[in-house]
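An overview of the molecular structure
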Amino acid sequence: LPTYPYPFTSFQPWLTLPTAGKQTATTLCVTPLTLVLIDIETHKHHSTPISSIIDIANRRILHLNRNPGTIIETMSSATGLPEPPPSQDREPGNDQNELEPLLGRPGDAQQPPGQFIARNLVLGTGIIAQFGAVIFVAMIWAAVLTKDVILFSGHPLAQSLAIFTLTQSILSLQPTHTPDQKRVGQRVHAVLNLLAFLFLVAGITIIEYNKFRQGPGSHFHSVHGYLGVIVSVILLLQYIVGFTMWATPKLYGGEDKAKSIWKYHRWSGYVVLVLLLVTVATAVDTPFNENVLKLKLWAVIVTALLILVGIVPRVQKQKLGFSS
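Source: prediction; values computed, not measured.

Rules used in this analysis
Residues numbered from 1 in each chain as written. Predicted model: local features only at pLDDT ≥ 70, side-chain atom pairs only at ≥ 80, totals over all residues. Heavy atoms only, no water. Helix = DSSP H or I, 4+ residues; strand = E, 2+ residues; numbered from the N terminus. Buried < 20%, exposed > 50% of the residue type's maximum accessible area, 1.4 Å probe, protein only. Contact = heavy atoms within 4.5 Å. Salt bridge = Lys/Arg side-chain N within 4 Å of Asp/Glu carboxyl O. UniProt positions renumbered as here; feature names shortened; annotations may be inferred. Axes fitted to C-alpha atoms, helices over the stretch in contact; angles between N-to-C directions. Parallel < 35°, antiparallel > 145°, perpendicular 65-115°, else oblique. Left-handed = near helix turned anticlockwise from the far one by under 90°. Nonpolar A, V, L, I, M, F, W, Y, C, P; charged D, E, K, R; others polar. Expected span 1.5 Å × (residues − 1). pLDDT = per-residue confidence, 0-100. Core = buried A, V, L, I, M, F, W, Y, C linked by side-chain atoms within 4.5 Å.

Further remarks concern the overall build of the chain. Broken down by element type, the chain carries 9 helices and 6 strands. Classification of the 324 residues of the chain by burial places 45% in the buried group. Considering only contacts in the chain between residues 6 or more positions apart, those separated by 24 or more positions represent 63%.

Spelled out as structure tokens, the structure:
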């Protein structure tokens, strides 16, 4: 991008550096989105030059090698630079860059500007999650379809597709960080969650119909059965809260209040994914698996761990309420 020189004094009304002395800039350049201040001489007790890179559009300091400053307001009215994104696209109390993943360096799990959202599915460690998810589904489908297919066969087929789709919904949304990316990511996340919900309903309907045919005494004979019911209830609540926060924030007192509980929705989403994978692992002890499918516990655990190893490092700490 081309750079445009501006006198340093024109930025003083909106840029405050924590110094007690005179401020002079030996080099100053501005792009449409970024202000770069180089070699700012400060108070005699703080004579080390400061280099800073400031994101004007988002009113954030991207880099400052010493003593961070505070941006009070944008320069858009004076310089014609872009206005900051609308406040409703930001989460209250979260002005830090959402670029630092749980594991890794800032930007490792960040969706680059202009990149198609489908690339988020394999960004960073996402490729590991995809590898695990594909093997997970292929393993279950192969075990089912190589045996005689009955009505009950639809239960593991549908549930495995639901977990695969939920994994995609998480991977697609995780790397988003700009308002536009978040809006697209939320729509994709919602569509994939709806699809996963339909798979889950299909799987639950099949198992309940099968239990109904067997009689009232056929329920709750395994850990898998108990976990299945518990996780289904939690997941239903997760869907209701997530959808209403996104579609009808007025139920929570407005957008700001709705977004203030997003981090709890994210926390519970990751917990639900773990519970779903644990529920699948407990299915290996059911009679249907022992007598028909013969899936191995170690295989289920390995694929589940691959999914988590691909997802967890990409978790952006600020989105869960952690400070950077």
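Further notes follow.
So, on to the pattern of salt bridges. Taken as a whole and assessed by the stated rule, the structure comprises 1 salt bridge. Arg183 is paired through a salt bridge with Asp180; the nearest N and O atoms lie 2.3 Å apart. Of this pair, Arg183 and Asp180 are both found in helix H4 (residues 179-214), 3 residues apart, which corresponds to roughly one turn of the helix. On the basis of relative accessibility, which here comes to 29%, the residue Arg183 falls in the partly exposed class.

Moving on to the UniProt feature "transmembrane region" (unreviewed entry) in the chain. UniProt tags residues 121-143, 188-207, 227-246, 267-284 and 296-315 as "transmembrane region" (unreviewed entry). Secondary structure across residues 121-143 divides into 78% helix and 0% strand, with the first and last C-alpha atoms of the span separated by 26 Å. Taken as a whole, residues 188-207 contains 100% helix and 0% strand, while its terminal C-alpha atoms sit 29 Å from one another.

Bringing unusual backbone geometry into the picture now. Positive phi, close to 60°, is recorded for Lys294, a residue that is not glycine. As for its placement among the helices and strands, Lys294 is situated in the loop between helix H8 (287-293) and helix H9 (297-311).

Let us look at the packing of H4 against helix H5 (residues 223-247). Any two packed helices are characterised by how steeply their axes cross, that is the angle between the axes, and by the distance between the axes. Interaxial distance between H4 and H5 falls to 11 Å at its minimum, and their mutual angle equals 150°. In terms of orientation, H4 and H5 fall into the roughly antiparallel class. As for how H4 packs across H5, the hand of that crossing is left-handed. Note on element contacts: H5 touches H4 through Ser232, Leu235, Leu236, Tyr239 and Trp246, opposite Gln186, Arg187, Ala190, Asn193, Ala196, Phe197, Leu200 and Ile204. Across the contact of H4 with H5, the residue classes break down as 9 nonpolar, 3 polar and 1 charged.

Note that an α-helix has 3.6 residues per turn; residues three or four places apart therefore point the same way. Given a rise of 1.5 Å per residue, 36 residues ought to cover 52 Å, and the 52 Å separating the end C-alpha atoms of H4 matches this to within 8%. Of the residues flanking the end of H4, it is Gly215, one or two places downstream, whose phi is positive at about 110°.

Mean pLDDT over the chain works out to 75, with 65% of the residues at or above the 70 mark. Confidence drops under a pLDDT of 50 for residues 1-51, and excluding neighbours within four residues, the segment shows 116 contacts in the predicted structure. When the criterion is pLDDT under 50, residues 63-97 qualifies, and its contacts beyond four places in sequence or with other chains add up to 96 contacts.

Between its first and last C-alpha atoms helix H2 (residues 126-145) spans 28 Å; for 20 residues at 1.5 Å apiece the expected length is 28 Å, and the two agree. By the burial criterion, the buried members of H2 are Gly126, Ala129, Gln130, Gly132, Ala133, Phe136, Val137, Met139, Ile140, Ala143 and Val144.

The next point concerns the nonpolar core. Nonpolar side chains in soluble globular proteins generally cluster together in the buried interior. Core analysis: the biggest nonpolar cluster contains 36 residues, and Phe136, Leu295 and Ile311 have the highest contact counts within it. Sorting the residues of this core by element identifies H2, helix H3 (154-173), H4, H5, helix H7 (262-282), H8 and H9 as the ones contributing at least two each. Excluding residues that lie within four positions of it along the chain, Phe136 makes contacts with Ser160, Ile163, Val280, Thr303 and Ile307.

Further remarks concern the environment of Ser222. Here Ser222 shows up in the loop between H4 and H5. Here the alpha-carbon distance between Ser222 and Pro287, two residues 65 residues apart in the chain, equals 9.5 Å.

Our next topic: the packing of H2 against H3. The geometry of H2 relative to H3 is characterised by a closest axis approach of 9 Å and an angle of 170° between their N-to-C directions. Taken as axis vectors, H2 and H3 run roughly antiparallel relative to one another. Of the residues in H3, those touching H2 at Gly126, Ala129, Gln130, Ala133, Val134, Phe136, Val137, Ile140, Trp141, Val144 and Leu145 are Pro156, Leu157, Ser160, Leu161, Ile163, Phe164, Thr167, Gln168 and Leu171. Among the residues forming the contact of H2 with H3, the class breakdown is 15 nonpolar, 5 polar and no charged.

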